[in-house]
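Chain by chain, the residues:
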Amino acid sequence: MSTTHNFHFSDSRDIGTVDNDSIDLAVTSPPDPVMEMWDDLFVTLNPDISDVLSDLNGRLAFSKMHHELDKVWRELDRVVKPGGFVCINIGDAT
């Protein structure tokens, strides 16, 4: 039995070089919106998040951060084959 493996190291929000329904396994480790250590990264993805964080509006910041993560989920939905696997590394925030 012969298999072929291709590795794509890229931003999971935009895997433009990968065809639709062509991936059997995707592994991603997106930033976690409940961990302050990722706030600066989210601000670079969407500068509006900085304003909401400054206003101490946690709910809106959380929502805007998840809006950025939705781009990851849509792209994975596009490239992973039906029946394929997506492994998501979710850090421990405690």
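A. Spotlight on the confidence of the model for the protein. Looking at the protein, the pLDDT average stands at 89 and 97% of residues meet or exceed 70. At the level of individual helices and strands, the protein shows its lowest average pLDDT in strand 1 (residues 23-28), which scores 91, and its highest in strand 2 (residues 80-88), which scores 96.

B. Quick peek at the pattern of salt bridges. Evaluation of the coordinates by the stated rule reveals 4 salt bridges. Salt-bridge contacts for E68 lead to K71; the nearest nitrogen and oxygen are separated by 2.8 Å. One end of the pair is E68 and the other is K71, both in helix 3 (residues 58-79) and 3 residues apart, which spans about a single turn. With relative accessibility at 3%, the residue E68 sits in the buried group. Between E75 and R78 there is a salt bridge, and its shortest N-O distance comes to 2.9 Å. Placement of the pair is E75 and R78 together in helix 3, with a separation of 3 residues, close to one helical turn. For E75, a relative accessible area of 10% gives the class buried.

C. Structural view of the packing of aromatic side chains. Scanning the entire structure with this criterion turns up 1 aromatic pair. Each ring, one from F7 and one from F9, has its centre 6.4 Å from the other, and the planes form 10 degrees; the classification is stacked.

D. Spatial organisation of helix 3. With 22 residues, helix 3 should cover 32 Å at 1.5 Å per step; its first-to-last C-alpha distance of 32 Å lies within 8% of that length. When helix 3 is considered as a whole, its buried residues turn out to be A61, M65, E68, L69, V72, E75, L76 and V79. As for helix 3, its buried residues are in contact with strand 1, helix 1 (39-45), helix 2 (48-54) and strand 2.

E. Expanded view of a nonpolar patch on the surface. A contiguous nonpolar patch, built from W73, V86, I88 and I90 and spanning about 360 Å² of accessible area, is present on the exposed surface. Looking at where I88 falls in the secondary structure, it is placed in strand 2.

F. A look at the nonpolar core. Membership of the largest hydrophobic core is limited to 8 residues, which are I15, V18, I23, A26, V72, L76, V79 and V80. Within the residue set of this core, elements represented by two or more residues are strand 1 and helix 3. Considering every element that reaches this core, the biggest residue donor is helix 3, with 3 residues. With sequence-adjacent residues up to four places away left out, I23 is seen in contact with H8, V18, V79, V80 and K81.

About the thresholds
- Residues numbered from 1 in each chain as written.
- Predicted model: local features only at pLDDT ≥ 70, side-chain atom pairs only at ≥ 80, totals over all residues.
- Heavy atoms only, no water.
- pLDDT = per-residue confidence, 0-100.
- Helix = DSSP H or I, 4+ residues; strand = E, 2+ residues; numbered from the N terminus.
- Salt bridge = Lys/Arg side-chain N within 4 Å of Asp/Glu carboxyl O.
- Buried < 20%, exposed > 50% of the residue type's maximum accessible area, 1.4 Å probe, protein only.
- Phe/Tyr/Trp six-rings, centres within 6.5 Å; stacked < 30°, edge-to-face > 60°.
- Expected span 1.5 Å × (residues − 1).
- Contact = heavy atoms within 4.5 Å.
- Patch = residues over 30% accessible without salt bridge, like charges linked within 9 Å, V, L, I, M, F, W, Y side chains within 5 Å.
- Areas by Shrake-Rupley, 256 points an atom, 1.4 Å probe, with all protein chains shown as cover.
- Core = buried A, V, L, I, M, F, W, Y, C linked by side-chain atoms within 4.5 Å.

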